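Chain by chain, the residues:
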Amino acid sequence: MAAKTDDLLNLARSRAPADRERLLLAIVELCDAGESAAGLMTSKPIQGLLNSIFMSLVVEAERDIRRRLSEKLAQADWAPSALVNVLALDDIEIARPVIAGSPVLKDHDLVRLLVEATIEHQIEVARRPNIGPPVVAAILQQSEPAVLTALAGNPSAALGEHELAILVTAAQRIAAMRSPLARHPGMTDGLARQLYLWVGQALRQSLVDRFRLDAAALDAALAASVREAHGLSLINISEPTRLAS
């Protein structure tokens, strides 16, 4: 263990580009070592190394090495927070593993991604397992259709009845949300009845079967709302004619 630490520190002291790349690859290999390397990675010398030079190494590293590093660090709870946040803002193919699973990313980090990163990054945040209330609130506030759809399909997100009601309302204009919402484990009878009005026949039958809805009554209400909307349209069209007369 001590020898391995010395090897890493010697590589870190080297200015040679080849040694810098060897250092990053050595860290990647240690990630593969699992628990046997946990003590080494949390030792003070190595933590000092990670915090002092790892950031510049990653910025300068080739894309393939950054991608491999992101994959290896995705489950590492010892990874420096600043480094994981840099990887999370990298190209989406590099960022995806850490956004999806890094325990180092906290709610405030994920909210920052929603504000600063691309739509692809935001979608990955919405798909992340067990995202908390602050992250859900930020997604709902931004109301980006693709991100809302990803959130609707995340059964482990912190979605209460209030948050689901917002999503169901949004499903009236965002068709892609309807199917994941119909399957969401947090849906209630009341929300299912509201969603019924927006969906096609196949999803209506699914909602009827799951929540034992009164399809005849809902269809009648739907028909009445269509007639009412149609009547208002006719009034709006004829209004200029009456004014002209």
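What you see as residue numbers is a count from 1 along each chain, following the sequence as written. The predicted origin of the model limits local features to residues at a pLDDT of at least 70 and limits the giving and counting of side-chain atom pairs to 80 or more, whereas totals for whole chains, interfaces and linings rest on all residues. For side-chain calculations, the full set of non-hydrogen atoms in the structure is used, while hydrogens and water are omitted.

A. Quick peek at the overall build of the chain. A tally of helices and strands in the chain yields 16 helices and 0 strands. For the chain, the proportion of its 245 residues judged to be buried stands at 42%. Throughout, a residue-residue contact means that at least one pair of heavy atoms, one from each residue, lies within 4.5 Å. In the chain, once contacts between residues fewer than 6 apart in sequence are set aside, the share between residues at least 24 apart is 57%. Only the protein chains shown count as cover for residues, with accessible areas throughout obtained via the Shrake-Rupley method and a probe of 1.4 Å. Total accessible area computed for the chain in this model is approximately 12,800 Å², and 55% of it derives from carbon and sulfur atoms. Working definition: helices are DSSP H or I runs of at least four residues, strands are E runs of at least two. Numbering for both runs from the N terminus. Buried means the residue's accessible area, taken with a 1.4 Å probe over protein chains only, is under 20% of the maximum for its type, while exposed means over 50%, and partly exposed covers the values in between.

B. Up close: helix H10 (residues 133–142). Within H10 the residues assigned to the buried category are Val135, Val136, Ala138, Ile139 and Leu140. Backbone geometry just after H10 places serine 143 at a positive phi near 55 degrees.

C. Inspection of the nonpolar core at higher detail. Take the buried residues of types Ala, Val, Leu, Ile, Met, Phe, Trp, Tyr and Cys, join any two whose side-chain atoms come within 4.5 Å, and each joined set is a nonpolar core. Core analysis: the biggest nonpolar cluster contains 65 residues, and Ile139, Leu151, Leu167, Met177, Leu181, Leu195 and Leu207 have the highest contact counts within it. The residues contacting leucine 195, other than those within four sequence positions of it, are Val168, Ala171, Arg178, Leu181, Ala182, Met187 and Leu207.

D. Seen up close, the side chain of histidine 121. For histidine 121, the location among the structural elements is in helix H9 (residues 119–127). A relative accessible area of 4% means that histidine 121 is categorised as buried. Side-chain polar atoms of histidine 121 contact the backbone oxygen of aspartate 90, separated by 2.6 Å. Setting aside chain neighbours within four positions, we find histidine 121 in contact with Ala88, Leu89, Asp90, Asp91, Ile92, Ala95 and Ile99. Contacts described as polar in this section are N or O atom pairs within 3.5 Å, which, within protein, must combine one atom able to donate a hydrogen with one able to accept it, while residues neighboring in sequence count only if both atoms come from side chains.

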